[in-house]
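An overview of the molecular structure
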Amino acid sequence: MRYSGFRVIAEALTGHKGWKPAWRDPEPQASYDYVIIGGGGHGLATAYYLAKEFKQARIAVLEKGYLGGGNVGRNTTIIRSNYLLDGNEPFYEFSLKLWEGLEQDFNYNAMVSQRGIINLYHTDAQRDAYTRRGNAMILHGADAELLNRDQVRAMYPFLNFDNARFPIKGALMQRRGGTVRHDAVAWGYARGADQRGVDLIQNCEVTGIRTDNGRVTGVDTTRGFIGAKKVGVAVAGNSSRVMSHVNMRLPIESHVLQAFVSEGLKPLIDGVMTYGAGHFYVSQSDKGGLVFGGDIDGYNSYAQRGNMPVVEDVAEGGMSLMPMIGRARLLRSWGGIMDMSMDGSPIIDRTDIDGLYFNGGWCYGGFKATPASGWCFAHLLATDTPHPTATAYRFDRFRKGLMIDEKGQGAQPNLH
Ligand SMILES: Cc1cc2nc3c(=O)[nH]c(=O)nc-3n(C[C@H](O)[C@H](O)[C@H](O)COP(=O)(O)OP(=O)(O)OC[C@H]3O[C@@H](n4cnc5c(N)ncnc54)[C@H](O)[C@@H]3O)c2cc1C
């Protein structure tokens, strides 16, 4: 069934009896050509592009819970391509271009909203660093503008411009950045993959990966053994757990990241804003809630909930940037498990086991990467070669010293 305005009108006139479930609920088959572990944004996008762009068949996505129950449905919905380094910028710009046509491509309203993102700067040195980043973005075909203090003040007069320690001096803006309704992305890819014959199997946890003579043969699951010629792992915060089934230790730590939503307020922030003097980012949802977040919790965890010290830290960041946020009531908060890599950049690569491929290490920023990650992982699975925009995302960069460390923090995953 194609979704359209005419369909909505027709269904409204006939009692909404014609809507069908958006995807099937199939029993797993004995074997597939491709098994994707993880029904988050990246796993679903991989299956979708494998079927649609690379014309592959006999594909299953195995999800231990329900589709979209992981980080893809827990993030703060920000998309952007404002990166500095060569290994990253072309990939994230590819992703932003895919976002721009995504709703028409998979015929689903994902509320892609290019409302603009600004990164505030507070010192001359930070302005110079942002200028350099903006120039790198423009050289890679992305858009970037440097705003001065008056331009920022005209947009958001309520900010704490004259903060004695962190005065706001301007911002780097990417107008094509913005927000996307996160769970609709999972649903849109799921529906599009299902329509192309992909089996989406929920409540199916992978408990083992079987190999024979250095080649993958399938996966053990809570619903029995499922054979596979190729297995792609896209389980985000659970990457280390799943890869431990083949005794593979990853350059990744799992940490909790929390998100917060205030009560509904009148329109206040029409774009996305990040604070340059603390870790705080904020946008306003279409329902009026301020959606914001900050640092990860500092300890390793697989729990999808965080602790009070980070709540306090995020609240301090918000108060320092826009003091009136202290008058708003916090409506809800939650956590997701982040796969923090040692240089802050992801991995999309083959492993030493034939037929086993890995996608992970997305840190804070994997939502905006969803379309490109799916496309590039599908490219790798189908052709056994990396996509041109993802050639730097290899495992061996850690051994060879070819780190892609945007922030220059070194091997400190909690700082990326
Ligand atoms: C609070 C928060 C805010 C964020 N904000 C942003 C943001 O604004 N912008 C941005 O770009 N990124 C953001 N991110 C990061 C982004 O959400 C993630 O990097 C991205 O969603 C990870 O990829 P995914 O969607 O495939 O992960 P997930 O949705 O987590 O998918 C992985 C799936 O694998 C499944 N799984 C795990 N183990 C198994 C197993 N053994 N068998 C079967 N299935 C398994 C899980 O149940 C899960 O559904 C944020 C994350 C959080 C938590």
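Above this note sits the structure.
Predicted model, so just to flag it, every value in this text is computed and none were measured.

1. Things to note about the overall build of the protein chain
Counting secondary structure elements, the protein chain contains ten helices and 18 strands. For the protein chain, the C-alpha radius of gyration of 21 Å lies close to 22 Å, the compact-globule estimate for 416 residues. Taken along the three principal axes of its C-alpha coordinates, the protein chain extends 65 × 65 × 40 Å. Relative to its 416 residues, the protein chain shows a buried fraction of 55%. Contacts spanning at least 24 positions in sequence make up 74% of the contacts within the protein chain whose residues lie at least 6 apart. Within the structure as shown, the protein chain displays about 18,000 Å² of accessible surface, and the carbon and sulfur contribution to it stands at 51%. Computed over 45 positive and 42 negative side-chain charges, the inter-centroid distance for the protein chain is 4 Å.

2. Quick word on unusual backbone geometry
Although it is not a glycine, M111 sits at a positive phi angle of roughly 55°. Here M111 falls in the partly exposed class, since its relative accessible area comes to 32%. Its identity as a non-glycine residue notwithstanding, N213 has a phi of 55°, on the positive side. Within the element layout of this structure, N213 appears in the loop between β9 (206–212) and β10 (215–221). A relative accessible area of 80% means that N213 is categorised as exposed.

3. Quick word on the packing of aromatic side chains
For the structure shown, the criterion picks out 21 aromatic pairs. On the numbers, 6.0 Å between centres and 50° between planes, the contact of Y3 with Y108 is tilted. Of this pair, Y3 sits in the segment before α1 (5–13) while Y108 sits in the loop between α3 (89–106) and β4 (117–121), and the two are 105 residues apart along the sequence. Ring centres of F260 and F292 lie 5.6 Å apart, and the angle between their planes is 20°; on these two criteria the pair is classed as stacked.

4. Quick notes on the side chain of T389
Within the secondary structure, T389 is located in the loop between α9 (370–383) and α10 (397–400). Residue classification places T389 among the buried residues on the basis of a relative accessible area of 17%. In this structure, T389 is in contact with G87, P90, F91, F94 and C376, ignoring residues within four places of it in sequence.

5. Observations concerning the sheet that holds strand β13 (residues 272–274)
Read across the open sheet, the eight strands follow the order β5-β6-β4-β13-β14-β15-β12-β16; overall the sheet is mixed. The open sheet has two free edges, formed respectively by β5 (145–148) and β16 (330–341), since each of these has just one partner strand. If you compare each strand with its neighbour and ignore which way they point, the axes differ by 25° on average. By the bridge criterion, four bridges tie β5 to strand β6 (residues 170–174) in an arrangement that is antiparallel. Residue E145 lies in a different strand from β6, and its bridge partner there is M173. Along the sheet, helix α4 (residues 124–139) contacts β4, β5 and β6; its crossing angle with β4, the most-contacted strand, is approximately 150°. Along the sheet, helix α8 (residues 308–321) contacts β4, β12 (252–264), β13 and β15 (289–300); its crossing angle with β15, the most-contacted strand, is approximately 135°.

Scoring rules and cut-offs
Residues numbered from 1 in each chain as written. Predicted model: local features only at pLDDT ≥ 70, side-chain atom pairs only at ≥ 80, totals over all residues. Heavy atoms only, no water. Helix = DSSP H or I, 4+ residues; strand = E, 2+ residues; numbered from the N terminus. Rg over C-alpha atoms; globule rule 2.2 N^0.38 Å. Buried < 20%, exposed > 50% of the residue type's maximum accessible area, 1.4 Å probe, protein only. Contact = heavy atoms within 4.5 Å. Areas by Shrake-Rupley, 256 points an atom, 1.4 Å probe, with all protein chains shown as cover. Lys, Arg positive; Asp, Glu negative; His and termini not counted. Charge placed at Lys NZ, Arg CZ, Asp CG, Glu CD. Phe/Tyr/Trp six-rings, centres within 6.5 Å; stacked < 30°, edge-to-face > 60°. Pairing = 2+ DSSP bridges. Axes fitted to C-alpha atoms, helices over the stretch in contact; angles between N-to-C directions.

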